[in-house]
Structures are given as structure tokens and as C-alpha cells.
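Residue-level structure breakdown
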Amino acid sequence: MHGHEDARSTGRAPARRPVREAPPQGLRALQSTVGNSVIVQMLREAESRGSGPERGTQAGRANDPVVQRTPADDLVNDPQTFLSQSALALDFTMGIRNRMPDLPLNQAEFVNRMSTAGWGRHWFVLVPDTRRSREGMPAYLLTPAVEKYVAAYGQDDPLLAPLVGHAALLPVLPDQAYLASSYIPYLTGITSDPDTSVGHARVPRDAGNQGPGSEFVFTATMNGCAFAVTGVNDDHFTAWHYQSPSSTSNSGPAREFRRDQAPTDWFGTEEYESADQSGLFETTNLLWNSPEGWQVISQETHVNAFDMNDARIAGVHSRELHLEPGQEVAYTARIYGGLARAQLQRLARLLQQARKAGGTTVQVDALEKSVFKPLEIAMASEALELKDVNGFDRLAHIASDLKRRRADTLDGVRQWGESNLGSKAMTHGGGVFNSRMDEQKLTARQERIDLLLTEFGNFSWLNGLLDEAVSRSASSASEEQRPVAQGSV
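None of these values were measured; they are calculated from a predicted model. (Residues numbered from 1 in each chain as written. Predicted model: local features only at pLDDT ≥ 70, side-chain atom pairs only at ≥ 80, totals over all residues. Heavy atoms only, no water.)

So, the environment of Arg255
We apply this condition: A run of H or I in DSSP becomes a helix once it reaches four residues, and a run of E becomes a strand once it reaches two; helices and strands are each numbered from the N terminus. When accessible area is computed with a 1.4 Å probe and restricted to protein chains, residues below 20% of their type maximum are described as buried, those above 50% as exposed, and intermediate ones as partly exposed.
Inspection of the secondary structure assignment puts Arg255 in helix H9 (residues 251-261). The exposure class of Arg255 is partly exposed, given its relative accessible area of 22%. Here the alpha-carbon distance between Arg255 and Asp467, two residues 212 residues apart in the chain, equals 8.4 Å.

A word on the pairing of strand S12 (residues 293-304)
Note the threshold: A pair of strands is considered paired only if DSSP assigns at least 2 bridges between the two.
Of all twelve residues making up S12, ten are buried, and the element is well covered by its neighbours. Sheet analysis places strand S11 (residues 280-290) next to S12, joined by eleven bridges and oriented antiparallel. By the bridge assignment, Thr284 is partnered in S12 with Gln299. Turn length for the S11-S12 hairpin, with the two strands adjacent in sequence and antiparallel, is two residues. Sheet topology note: the S12/strand S13 (residues 307-320) ladder contains ten bridges and is antiparallel. If you follow Glu300 over to S13, its bridge partner there is Gly315. From the end of S12 to the start of S13, which pair antiparallel, there are two residues.

Describing the packing of aromatic side chains
As a reminder of what qualifies: In this analysis, rings of Phe, Tyr and Trp, with Trp reduced to its six-membered ring, are considered paired at centre separations within 6.5 Å, and the interplanar angle assigns stacked below 30 degrees, edge-to-face beyond 60, and tilted for intermediate values. Should the NZ of a Lys or the CZ of an Arg lie within 6 Å of a ring centre and within 35 degrees of the ring normal, that charge is described as sitting over the ring.
Tallied over the full model, the rule gives 19 aromatic pairs. Residues Trp240 and Phe257 carry aromatic rings whose centres are separated by 5.0 Å and whose planes lie at 75° to one another, so their mutual orientation is edge-to-face. Here Trp240 is found in strand S9 (residues 236-242), whereas its partner Phe257 is found in helix H9, with 17 residues between them in sequence. Accessibility classification places Trp240 together with Phe257 in one group, the buried group. The cationic tip of Arg258 hangs over the ring face of Trp266; the distance from NZ or CZ to the ring centre is 4.8 Å. Its end group placed over the ring of Phe459, Arg406 keeps NZ or CZ at 5.3 Å from the ring centre.

Quick notes on unusual backbone geometry
For Ser244, which is not glycine, the phi dihedral falls at a positive 40°. By the secondary structure assignment, Ser244 is in the loop between S9 and H9. Even without being glycine, Ala262 reaches a positive phi, approximately 45°. For Ala262, the position within the fold is in the loop between H9 and strand S10 (265-267). By relative accessible area, Ala262 is classed as partly exposed at 36%.

Some thoughts on the nonpolar core
Note the threshold: Residues belong to a common nonpolar core when they are buried Ala, Val, Leu, Ile, Met, Phe, Trp, Tyr or Cys residues joined through side-chain atoms within 4.5 Å. Any two residues having at least one pair of non-hydrogen atoms within 4.5 Å are treated as being in contact.
One finds Phe110, Phe124, Leu142 and Val146 to be the most contacted residues of the largest nonpolar core, which totals 51 residues. Residues in contact with Val146, not counting those within four places in the same chain, are Ile96, Arg99, Met100, Leu103, Leu105, Phe110, Leu163 and Leu169.

Some remarks on the sheet that holds strand S8 (residues 226-230)
The condition is simple: Simply put, an axis is a line fit to the C-alpha atoms, just over the touching stretch for a helix, and the angle between two N-to-C directions goes from 0 to 180 degrees.
Overall, antiparallel pairing links the four strands, which are arranged S6-S9-S8-S10 in an open sheet. Single-partner strands in this sheet number two, and they are strand S6 (199-204) and S10. In this sheet, adjacent strand axes meet at a mean angle of 20° when their direction is disregarded. Of the strands in this sheet, S8, S9 and S10 are in contact with H9, which crosses S9 at around 170°.

Regarding the side chain of Arg113
With respect to the helices and strands, the residue Arg113 is situated in helix H6 (residues 107-116). Excluding residues within four positions of it along the chain, Arg113 makes contact with Trp119, Asp157, Pro158 and Leu159.

In C-alpha cells, the structure reads:
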């Protein structure tokens, strides 16, 4: 499996597709000057003249329009470079509103129907995001091209029917003006019935042959969700937008989904979310059928928690999207390694608070030796043991061993605490840990240590890892022992 690669630091020239012909003179600029009917006519005339080598060059015919590359062309030609230089937000409602402000359309309902109406095809455009564009970093909104949906589905859809022929609806442009990409719906709620409660779409394996932009698979912003891939055959695969798989309500169904569906790949927060982020984060994740094969590309954008317009690109990463079996143990270990690191971060914050309430130098040294360090060392080592694991049996053994060692550490710290910090010791002058501290400070210190022990005693991800490793080990064994059908080789 390929590791994360920053598009700006790989040192390799990214693969490029042939540049598709762009609408002339900048579509947005022309819309505001000559109107859409003129644009349509210009594109049709350009299309009718063919695509000879002189087209769009100074050597072309005198009456030919100048061909100018558009942001969408840059995205199609080299998505990693485009995303490293341009912020791409997935706020569909804002994009529709900015593009056609006078259109009487409930944008939120339109976006909802993209997930529920069964529309088989999708079309997108890039709309300038004036909120976040700044010198050196243009910003865009990936936006559904409503006029194409109206043309395709408006006769039968009650939401779109009133828009047919509406004056505020932009006219339909030639196909090269749109990104005819696949779209994975985003659903909300509990994921116990994935076929109906988790957004998914069938994607052609040879995507890219169905028109401009068809090599992409788009979905909504991810900030805790995951891509998953199942049902791979020679012609198609199914891509899923699995919502909040680590949440309390979805963690169990997510384990069952991975056990029952056996995804060939899983791309979650443990890969696309930086540990050192500050403020809010938005992640634009997409699938791309590159000339070298399918990739998942991730643009992480950090947003000021007090100003949603203040955003910066924190990183762009890509790796191979695995469409063949063989990565199940690796991504399962990676998922739980991410959960382990997240819990370690929570423990670190609690440790910082507890250390500040330690008391005198002697008290601080004793607490560090007998409480803080044992907890910190034990938890810090857990994620490291989940690297390079071979087999679900081995993963189950590691999970069981980690649970036992953590329980032993917790028991030892609690016994020491009861002897030195418990009710019998919690009196003035009653030992080194209570001297020179008033009752209020003693109580505050004990409360912080209790919070620390409660977090360390939270075994939820360890229990989940053990459950999943055991169930998937049994599942794998069952597959291997299944009798071969009569007549099969």
C-alpha cells in the first residue's frame, strides 16, 4: 500500500490526462457580459469546427475565439496540483445560491434529493468561493449544475418541474462545460441497515470514458466519515460514504459492516485528519481514476473557529485505492490505531491538568513516578503495537494482551492511590501527599486524578478491536473452509 504523499513534495511529475477543450474566454466572465445565449452559440460554433492542431492558438483562424483554460480543466488535468493550490469546498447549497441567486429553489431540499431521488447521473461546475479566495489561494465551490438536472429529470420530479423554462435558470451548456462525475450520497443517522442508511453508489471501473470529469467520484465534506469500497467486479465497484463510524451509535454497525461486507479498502479520519489541527477542519475527499489506476485524494482545510471565511489548505495527500482483497487486516489495524492515538490525546490533556495540581515537589515527583508515567507509557505503546500486523488472529491476540496489560496498570495505580491519596490519607498532616495543601486543593487534585483514571479505564476501542478481530478471523476461516461447489475447480 502506498503511504500518504504530499502533492507538493513527492518529487514526481503527476500523471496528466489530455486537456479537454474549455469554454472560451472564461465562462463566468462571459456570463456577466454577453449572456448565456451567446456562450451557447460560441461553444456550438467552436465544437462544429472540430479540434485541429491550430485550434486555440495564435496560428488559428482569425475568427476563432481564444481558448482559455478554466479551473475545471486544471482539476481534471492534474487534481493533486489543483487541490494543493486552490481550496475546494463542498457546500452545495451555497454554490447553487451563488451561481443562480434568483432561482426559486429550495437548495437544501435539492441537495437532499441528490441523495434520495434516485437520480442516476450527476453534473457539477466550479463556482468561485468569494468568502475564502485570497491572493495566492483561489477558492471554489463544487456545485451541482441544476440546469442539467432540470433538463434530465424536470418533467417527472415535483421539485424541479416548476423550474422548467424559468427565466432565472441558466441554459444548458454543451457537455464539456460540466464535470459528469459520479456522486456518493451522504446520509445521516444510525447505520445499522447500510443498504438504506449509508450513502453509496456503483462506480464504473473504467470511469473517465463517460465524458469530461467522469473519472472523479465526489461526495460531501468529510469530518469524521470514511470512504469504503465493496462489491468489486470487472465492471463496477460500490463506493460508500460511511458516516461517523467511530461514534457511539455507529461503531458497532461499522464493525458489522466491515465483517459482513469485507471492504477491499477503508479511508477514514486516521488517514485524512491531522492530529495537530487547531480550529475546525473540512476535508474534501474524492476518488480519481488516474492513468495509473484509482486513487483517493484528500484536501484538508483548516478553518478559523471564529470566522468560517478564514481558511487555509493544511495538506493534500493521495494514495492508491485498493480494489483487490488483501488490505483488510492493515486497514482494520489502522482504524484502531487512530482510535488509540485519539484516546492518548485525551489522556495527555487530562495529564497536563493533573500535573498542575500535584502539590509540593516531593508530591509531584511521587505522583509522576507512581501515577502519571505508568498511565502515559502504557497508553502510548498501544498504537505502536498495531503496526505491521499479519492476520486477524494476531490482531485479536494483540488486542487481548493490550486489555490485560492496561487492566494490570490501572489496578496497580488504583491500589497505590488508595494507600496514598484515599480517604484515610485525605487529612491534613496525614502523610506526604496531604501536607501543605488545604482541603480545597486536595479535593481538586483528587478530582483530576479520578478523571485521568476514568479515561484510562475506558476500554471501548480495545473491546471493539477484540470483537472485530475475532469475528473477522472466524469469518475468514469460514470462507476458507467453505466447500467448493460441484463442478468448480
